[in-house]
Amino acid sequence: MTPERITSELVKLQPWFQYIDLGGGIFTKSQSAIGEPLEYPRPTWETVKVCLPANFSGKSVLDVGCNAGFYAIEMKRRGAARVLGVDSQRSLIRQAIFVRDVLGLDIEYRRLSVYDLDPIEMGQFDVTLALGLIYHCKHLVLALEKLFAMTRELLVIETAIYPPEQTPQSFPYEIGKTESTLHPIAYIENQPDAKEAIYNWFLPSVEALRALLKNVGFDEIKVFPGVHRSRKVLACRKLQPYPDSRTISFLRAKLTLIDGPARCHPQEAVKFRLRAENVGHARWLRGSDTGRDTGSVHLVAHVLRKDEEPISWYHAGAFLPADVAPGEAVELEIDVAAPQSAGSYQLMFDMVSENLAWFEDLGSEVLRHDLTVD
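The sections below set out a description of the structure shown in this document. On a predicted model such as this, the values are computed, not experimentally measured, just so you know.

Definitions and cut-offs
- Residues numbered from 1 in each chain as written.
- Predicted model: local features only at pLDDT ≥ 70, side-chain atom pairs only at ≥ 80, totals over all residues.
- Heavy atoms only, no water.
- Pairing = 2+ DSSP bridges.
- Helix = DSSP H or I, 4+ residues; strand = E, 2+ residues; numbered from the N terminus.
- Axes fitted to C-alpha atoms, helices over the stretch in contact; angles between N-to-C directions.
- Contact = heavy atoms within 4.5 Å.
- 1 Å grid on protein atoms, 1.4 Å probe; cavity = no way out; pocket = protein on both sides within 12 Å on 5 of 7 lines; lining within 4 Å.
- Points joined across faces, edges and corners; volume = space filled by probe spheres on them.
- Nonpolar A, V, L, I, M, F, W, Y, C, P; charged D, E, K, R; others polar.
- Parallel < 35°, antiparallel > 145°, perpendicular 65-115°, else oblique.
- Left-handed = near helix turned anticlockwise from the far one by under 90°.

Things to note about the sheet that holds strand E3 (residues 60-64)
One open sheet holds the seven strands; their spatial order is E5-E4-E3-E6-E7-E13-E12, and the pairing between them is mixed. With one partner strand each, in any of the chains shown, strand E5 (108-111) and strand E12 (220-225) form the two edges of the open sheet. Averaged over all pairs of adjacent strands, the angle between their axes in this sheet comes to 15°, without regard to strand direction. On the sheet, helix H6 (residues 140-150) packs against E3, strand E6 (125-131) and strand E7 (151-160) and is oriented at approximately 145° with respect to E7. The strands touched by helix H7 (residues 206-216) are E7, E12 and strand E13 (231-237); relative to E12, the strand with the most contacts, the crossing angle is about 150°.

Okay, here's the thing in structure tokens:
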């Protein structure tokens, strides 16, 4: 593009929040948009890059809340094989695409919010950046779970925190016979018409954010200074791409009946074949042949009356052939002994993480099948 055309497009795409060098003495902005330093986010980048390797060769990077693409550009310049920037605001994606085209860089951009992210659809990324993002999230825990699921190795967060000089201390709190630690998180009161992506919503203390990230599933969390006392940078590492089925918040299943009878005789042994797909973000553990290992996943059949009153809970079960990773599916055969009395019944198939949770209780749909005993 000619300098004249670049300058013209910059005016059309205003306002610009990120200060990006387009070459030839042209920058995306010449004045502050909302009171931020003119060179923002260059000062923030100086605090963030200490958490990152100098060479990203072969790595994939996801920049969530990418704005006009400043950090995505830095990742590409460090040699990242794939860089994807996502943002919920159309105007910012238009800015990012324009900057990419001017600089001639191979960077992908998509209009998505943090809540739209799905590693089964999009794949995981070696490194995820969430810089200046999480205080814009109304659903803070959900956003952190999404970031965790998308990250294979390292998540870097840069964020505002509870103002240090006013932060209350964390303290132990007893609920029943359980003692937990309460951490302070500030809620920012906004008007009802406040747009989520623009306004701030929560400011956690450092200890609250550390606890949230640990609870979500990160194995190692290190805190670094931000550009000033009310901001911090956190490097969050995972030892495995996905947790296993002992981490129940990421368990989901989709069950499909392949074949099985609709009628049978009293106490007849009947077989059902089902397809079980792991649509969650945790690896299902097969466990040992005892079937009692905590967190091992099994297919289970319950027998209910037509009014859904349980007759036999955990009536039959089936083992997995092996561990099942997110996105994988297996076919399972389960033997069910028909009820002793003639009548109309309902079989309800569900998955269970032994000693921990039924998948139905975690939000998965059970598979129901009507069975008539003649």
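Remarks on the layout of surface pockets
If you add up the space inside the largest pocket, you get close to 1,100 Å³. As for the largest pocket, its lining consists of 43 residues, and the residues nearest its centre are Phe17, Asn67, Gly132, His136 and Ala197. Breaking the lining of the largest pocket down by element, the ones donating at least two residues are helix H2 (42-48), strand E4 (82-87) and helix H4 (90-103). At three residues, the largest contribution of residues to the lining of the largest pocket is made by H4. Looking at the lining of the largest pocket residue by residue, the class counts come to 24 nonpolar, 14 polar and five charged. Roughly 240 Å³ of internal volume is contained in the second largest pocket. The wall of the second largest pocket is formed by Thr7, Leu10, Val11, Gln14, Pro15, Trp16, Phe27, Thr28, Lys29, Ser30, Gln31 and Ala33. Ranked by residues supplied to the lining of the second largest pocket, first place goes to helix H1 (residues 3-12) with three residues. In the lining of the second largest pocket, the residues fall into six nonpolar, five polar and one charged.

Some remarks on the packing of H6 against H7
The geometry of a pair of packed helices is captured by two quantities: the angle between their axes and the separation between those axes. Orientation of H6 relative to H7, taken along the N-to-C sense of each, is 55°, at an axis distance of 10 Å. Looking at the two axes, H6 sits oblique to H7. Like other packed secondary-structure pairs, H6 and H7 cross with a definite hand, here right-handed. Here Leu140, Val141, Leu144, Glu145 and Phe148 of H6 come into contact with H7, specifically with Leu209, Leu212, Leu213 and Val216. Partitioned by chemical class, the residues of the contact of H6 with H7 number eight nonpolar, no polar and one charged.

In short, the description is geometric, and any link to function would need to be established separately.
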